[in-house]
Amino acid sequence: MKSIKAMKRRMVGLSLLLLALFSAPAWAATPLDTVKSDVNQVLEVLRNKSLKEEAKKEKLRAIYKEMFNQVELSKWSLGGNWGKLSEAQQQEFVPLFQQVLEKAYADKLLAYTNEKVLFDREIKITDTRVEVKTRIVTASKEIPINYRVLQGGGTWKVYDVVIENVSLVQNYRSQFGDILSKNTPEQLLETLRKKVKDQKS
Amino acid sequence: MKPFPFVVVLWALVAVGCAHGPQSAAPSAHFDQPAQAMTIVPASYTVKETAPSPQVAQNNATTPGAAAPGVLPTEPREDTDFMAETPSAETATIADPLEPYNRAMFIFNDRMYFWLLKPVAQGYKAVIPEPARVSVNNFFYNLRYPVRAVSCLFQLDFPCFAIVSARFVINTTLGIAGLFDPASSDPNLQKHDVDLGQTLGKYGVGQGFYLIWPVIGPSSPRDTVGLVGDFFLYPVSYLDPWYVWLAVRGYQEINATSLVIGDYEAFKEAAIDPYVSMRNAWAQYRQKRVEERRGAEQPEAPPGVPRY
């Protein structure tokens, strides 16, 4: 009897080892799995009733940092204008832009609680970029939200979000482009600083 | 997020729309200059975008070859993808020669929302529970069936016609005059959002230029023609006398707005320049609508990629 138990244990150990070996490629999670896990983390925070709003925001911020590639998001939003900013200006731009986004979307996000998210499929854009299609199902409608992710550092990070067919970075690119066609990068940064300040009050 | 809550408000302005309606949708040379002046990236990177006219820019969407980087020898290609546009050439731009007028109209519509539509919709929302408001919304959506049916037919998309018709029959009967949407529980009977402006776009008619109507919101000569057609295909438009029509139409808008309060506010909050942001969002949204109908009709999941 004992030997059977021991053998069983060994079998379990062996199969675990085999499983670990064969699932090694799973280290490189697919874009869809990555987005799914990120979004599910967000949903978990949103649905956690025991958390206060400020604690939720803190947790969401941490997930956001893992989920998004902030530098790429800024680069894509500026497009060709990115090079017009000096290195110092770029370094200021990235967190400023992030704050604008956070202020604008945090409250909106916190209002979502019971909506269901469906993860549809992924579409390859280039070798290093993939679009993951998802839908948020609310009581009155379905909102398609696509995450464009970029490979880097062994994982996939979001550099653009397409909500109801409107690309976030394209939209900001049009705005930044419009401002930079008439103003200097410094004036753009000043506009952003002012925006962040206004949002806080 | 629905970025432009005004788009569908027809109200009394349709008459105005008719008067200004069927302009030439092809942008004349006159508009080419402003078209370039407002492109959203600086000159050194506008290789693809300084297409001679917005119409050409739009056509690029279907002929990626035309926008391929290979044919632009003058511009040294950066290694970085972010500087180029996305490969589908989906960058949506729209000429805006009437910007001063449009900006004024944007402010007018903004005030209309915050001073009139939103307070009324908020009061209404406080009294009527959400399921009822969703049902009212479904009811009006169902009533728009002729717009969808005719658009599918004009697009010679018979599967589309069959689906919207089946949806109409099911939701009108089982869904009690369209108040409920049992058809959507069948994955083969998903909503098809088709309209006449999109139909024109599918046949290659360009937007022309950006044009904001009071109350109705962002549009263009092409989409205005579409809206006029949609108006005549919408049964509510035939209500008589006119004030009954106006009341029903107004009620529909109030109900619809009550379901999206906060969206426009969030949109404005996120924007650096709400006017430019709206213009771009609308252009992207409409272009995508057209592309959807032009390209592979129903893009299916490639084999091997699981559907969730």
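Shown above is the structure to which this text applies.
Predicted model only: the values in this text are computed from it and were never measured. (Residues numbered from 1 in each chain as written. Chains lettered and ligands numbered in written order. Predicted model: local features only at pLDDT ≥ 70, side-chain atom pairs only at ≥ 80, totals over all residues. Heavy atoms only, no water.)

It is worth spelling out the nonpolar core at this point. Core analysis: the largest hydrophobic core is formed by 48 residues, its most contacted members being Val-39, Leu-73, Leu-78, Phe-93, Tyr-147, Tyr-172 and Phe-176 of chain A. Counting residues per element, this core draws most heavily on helix α5 (residues 87-110) of chain A, which supplies seven residues. In this structure, Val-39 of chain A is in contact with Met-67, Val-117, Phe-119 and Tyr-147 of chain A, ignoring residues within four places of it in sequence. Val-136, Tyr-210, Trp-245 and Ile-254 of chain B belong to the second largest nonpolar core, which has 25 residues in total. (Core = buried A, V, L, I, M, F, W, Y, C linked by side-chain atoms within 4.5 Å. Buried < 20%, exposed > 50% of the residue type's maximum accessible area, 1.4 Å probe, protein only. Helix = DSSP H or I, 4+ residues; strand = E, 2+ residues; numbered from the N terminus. Contact = heavy atoms within 4.5 Å.)

Reported here for the second largest pocket is a volume of approximately 450 Å³. In this structure, the second largest pocket is lined by 21 residues; those nearest its centre are Tyr-112, Glu-115 and Thr-138 of chain A together with Glu-130 and Leu-259 of chain B. The residue makeup of the lining of the second largest pocket, split by class, is nine nonpolar, five polar and seven charged. (1 Å grid on protein atoms, 1.4 Å probe; cavity = no way out; pocket = protein on both sides within 12 Å on 5 of 7 lines; lining within 4 Å. Points joined across faces, edges and corners; volume = space filled by probe spheres on them. Nonpolar A, V, L, I, M, F, W, Y, C, P; charged D, E, K, R; others polar.)

To continue, consider helix α9 (residues 221-232) of chain B. Spanning twelve residues, α9 of chain B covers 17 Å between terminal C-alpha atoms, matching the ideal 16 Å at 1.5 Å per step. When we look at burial in α9 of chain B, the residues that qualify are Pro-221, Arg-222, Asp-223, Thr-224, Gly-226, Val-228, Asp-230 and Phe-231 of chain B. (Expected span 1.5 Å × (residues − 1).)

This brings us to the pattern of salt bridges. Applying the stated criterion to the full structure yields 28 salt bridges over all chains. The shortest N-O distance in the salt bridge between Glu-58 of chain A and Arg-61 of chain A comes to 3.0 Å. Of the two residues, Glu-58 of chain A and Arg-61 of chain A both sit in helix α3 (residues 53-67), three residues apart, roughly one turn of that helix. What makes Glu-58 of chain A partly exposed here is its relative accessible area of 46%. Assessed through its relative accessible area of 23%, Arg-61 of chain A is described here as partly exposed. Measuring nitrogen to oxygen at the nearest pair gives 2.7 Å for the salt bridge that ties Glu-131 of chain A to Arg-148 of chain A. Here Arg-148 of chain A lies in strand β3 (residues 142-152) and Glu-131 of chain A lies in strand β2 (residues 129-137), a separation of 17 residues in the sequence. Shared partners join several salt bridges into a network, and the residues in it are Asp-193, Asp-195, Arg-222, Asp-223, Arg-286 and Arg-289 of chain B. (Salt bridge = Lys/Arg side-chain N within 4 Å of Asp/Glu carboxyl O.)

Glancing now at the sheet that holds strand β1 (residues 116-124) of chain A. All names here are of chain A. Overall, antiparallel pairing links the five strands, which are arranged β1-β2-β3-β4-β5 in an open sheet. Only two strands of the sheet have a single partner each, and these edge strands are β1 and β5 (166-167). As paired strands, β1 and β2 are joined by eight bridges and run antiparallel to one another. By the bridge assignment, Phe-119 is partnered in β2 with Thr-134. Contacts from helix α2 (residues 31-47) reach β1, β2, β3 and β4 (155-163) within the one sheet, and its direction differs from that of β1 by about 155 degrees. Along the sheet, helix α4 (residues 70-78) makes contact with β2, β3 and β4, crossing β4 at roughly 40 degrees. (Pairing = 2+ DSSP bridges. Axes fitted to C-alpha atoms, helices over the stretch in contact; angles between N-to-C directions.)

Residue and element names in this part refer to chain B. Looking at where Ser-135 falls in the secondary structure, it is placed in helix α5 (residues 130-143). The exposure class of Ser-135 is buried, given its relative accessible area of 10%. A polar contact is formed between the side chain of Ser-135 and the backbone oxygen of Leu-179, at a distance of 2.9 Å. Contacts of Ser-135, omitting those with residues within four sequence positions, involve Gly-178, Leu-179 and Phe-180. (Polar contact = N/O pair within 3.5 Å; in protein donor to acceptor, adjacent residues only side chain to side chain.)

What follows is about the state of the cysteines. Residue and element names in this part refer to chain B. One pass over the structure, following the stated rule, counts one disulfide over all chains. Each sulfur of the disulfide joining Cys-152 and Cys-160 lies 1.9 Å from the other. Like Cys-152, the residue Cys-160 is buried in the burial classification. (Disulfide = S-S within 2.5 Å.)

Residue and element names in this part refer to chain B. Cis geometry is found at the peptide bond from Asp-240 to Pro-241, where omega equals -5 degrees. For Pro-241, the position within the fold is in the loop between α9 and α10 (242-258). We note that Ala-177 has phi near 55 degrees; this positive angle belongs to a residue other than glycine. With respect to the element layout, Ala-177 can be found in the loop between α7 (158-173) and α8 (196-202).

For the rest of this paragraph, the subject is the packing of aromatic side chains. Residues and elements named next belong to chain B. Under the criterion given, the structure shown has 21 aromatic pairs over all chains. Summarising the aromatic geometry, the rings of Tyr-210 and Trp-282 are spaced 5.8 Å apart at their centres and angled 50 degrees between planes, so their arrangement reads as tilted. In this pair, Tyr-210 is assigned in the loop between α8 and β1 (211-213) and Trp-282 in helix α12 (residues 274-294), connecting sequence segments 72 residues apart. One exposure class covers both Tyr-210 and Trp-282, and it is buried. (Phe/Tyr/Trp six-rings, centres within 6.5 Å; stacked < 30°, edge-to-face > 60°.)

Moving on: the packing of α2 of chain A against α3 of chain A. In a packed pair of helices, the relevant descriptors are the angle between the two axes and the axis-to-axis distance. All names here are of chain A. Running from N to C, α2 and α3 cross one another at 175 degrees; their axes reach a closest spacing of 10 Å. Our classification of the angle between α2 and α3 gives roughly antiparallel. On the side of α2, the interface is formed by Asp-38, Val-39, Gln-41, Val-42, Val-45 and Leu-46, while α3 contributes Lys-56, Lys-59, Leu-60, Ile-63 and Met-67. Residues of the contact of α2 with α3, tallied by class, amount to seven nonpolar, one polar and three charged. (Parallel < 35°, antiparallel > 145°, perpendicular 65-115°, else oblique.)

Here the focus is the pairing of β4 of chain A. Residue and element names in this part refer to chain A. The element β4 is extensively covered by neighbouring structure, given that seven of its nine residues are classed as buried. As defined by bridge partners, β3 adjoins β4 across eight bridges and the pair is classed as antiparallel. The residue bridging Gly-152 from the neighbouring strand is Thr-155, located in β4. The hairpin formed by β3 and β4 contains two residues between the paired strands, and Gly-153 there has a positive phi angle of roughly 60 degrees. With two bridges joining them, β4 and β5 adopt antiparallel strand pairing. Considered in β5, the bridge of Val-162 is made with Ser-167.

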